[in-house]
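What follows is the residue order along each chain.
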Amino acid sequence: MKLSTLSALLLSGLLLSACATKPKSDYDVGYDFDQLSTFIELSPTQTNDPISSTRIINAIASALTAKGFVRDEDDPCFKVTYAFKVEDKPKDSGVSIGLGTGTWGSNGGISIGTSVGVPIGSDTAKIQTIQIDVIDTQSNKLIWRGTDKFNFDAGGTEKAESTANTVTKILALFPPQK
């Protein structure tokens, strides 16, 4: 593979990875997470979006159970609660930059191009941010927090799947690996 082709591939990979969101987390570095085995999930007392709330709570229970934690209403080691918000996000401007490589005979080259899209429909999209908190039952203190977000244009199956995937990505960081 020619150096210019390799450079172009690396650059396009960097651009693609910069667009993907990654969950973030923080935790109490002095806490012994190995002692945790049972949980109970808690919903916010009031929400203006009960559909998203139900999706998030079900995804939390599913993700933690898949990780080997046991749901226990009577004697949980930790409580899991969450918050979420939906915001308008301006859609992309419609201007994009492309990078390509090619060969013609024994010659090769790299090209850069731009395109301008014509916006159709709304000029904003929605972004949902989900924050998950893990609270020690004994001390009632926050011991871990994770957050991530995803874009969506409408509800339904696609948003339900994005919600479940986002919760799973967040809880993949729990418990923290020290």
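As the structure is a prediction and not an experimental result, all values here were calculated from the model.

### A few points about the packing of aromatic side chains
Item 1. The full count for this structure, using the stated rule, is 10 aromatic pairs.
Item 2. When the ring of F33 is compared with that of F174, the centres are 6.1 Å apart and the planes differ by 85°; the resulting orientation is edge-to-face. Remark: F174 occurs in the segment after helix 3 (157-171) and F33 occurs in the loop between strand 1 (24-27) and strand 2 (38-41); sequence separation between them is 141 residues.
Item 3. Pairing W144 with F174 gives two aromatic rings, centres 5.2 Å apart and planes at 65°, and the pair type is edge-to-face. Of this pair, W144 sits in strand 8 (residues 142-152) while F174 sits in the segment after helix 3; the two residues are 30 residues apart in sequence, bridging distant segments of the chain.
Item 4. Look at F174 and you get buried, because its relative accessible area is 0%.
Item 5. Lying across the ring of F152, K159 places its NZ or CZ 4.4 Å from the centre.

### Let's talk about the pairing of strand 4 (residues 78-90)
Consecutive side chains along a regular strand alternate between the two faces of the sheet.
Item 1. With three bridges joining them, strand 2 and strand 4 adopt parallel strand pairing. Bridge assignment links F39 to a residue of strand 4, and that residue is F78.
Item 2. Examined bridge by bridge, strand 4 and strand 7 (residues 124-136) share 13 bridges and lie antiparallel to one another. Across the sheet, residue F84 finds its bridge partner in strand 7, namely I130.

### Quick word on the packing of helix 2 (residues 50-66) against helix 3
Item 1. Closest axis-to-axis distance for the helix 2/helix 3 pair is 9 Å, and the angle between their directions is 40°. It follows that helix 2 is oblique to helix 3 by the angle criterion. Between helix 2 and helix 3 lies a crossing whose hand is right-handed. Between helix 2, through S52, R55, I56, A59, I60, A63 and L64, and helix 3, the contact on the second element is made entirely by K159, A160, T163, A164, V167, T168 and L171.
Item 2. Classifying every residue of the contact of helix 2 with helix 3 gives nine nonpolar, three polar and two charged.

### Focus: the pattern of salt bridges
Item 1. In this structure the tally under the stated criterion is seven salt bridges.
Item 2. Between E41 and R71 there is a salt bridge whose closest N-O contact spans 2.8 Å. Within this pair, whereas E41 is found in strand 2, its partner R71 is found in strand 3 (residues 70-71), the two being separated by 30 residues in sequence.
Item 3. For E41, a relative accessible area of 14% corresponds to the buried category.
Item 4. With a relative accessible area of 40%, R71 lands in the partly exposed category.
Item 5. Two residues, D88 and K126, come together in a salt bridge whose shortest N-O distance is 2.6 Å.

Calculation criteria
- Residues numbered from 1 in each chain as written.
- Predicted model: local features only at pLDDT ≥ 70, side-chain atom pairs only at ≥ 80, totals over all residues.
- Heavy atoms only, no water.
- Phe/Tyr/Trp six-rings, centres within 6.5 Å; stacked < 30°, edge-to-face > 60°.
- Helix = DSSP H or I, 4+ residues; strand = E, 2+ residues; numbered from the N terminus.
- Buried < 20%, exposed > 50% of the residue type's maximum accessible area, 1.4 Å probe, protein only.
- Lys NZ or Arg CZ within 6 Å of the ring centre and 35° of its normal.
- Pairing = 2+ DSSP bridges.
- Axes fitted to C-alpha atoms, helices over the stretch in contact; angles between N-to-C directions.
- Parallel < 35°, antiparallel > 145°, perpendicular 65-115°, else oblique.
- Left-handed = near helix turned anticlockwise from the far one by under 90°.
- Contact = heavy atoms within 4.5 Å.
- Nonpolar A, V, L, I, M, F, W, Y, C, P; charged D, E, K, R; others polar.
- Salt bridge = Lys/Arg side-chain N within 4 Å of Asp/Glu carboxyl O.

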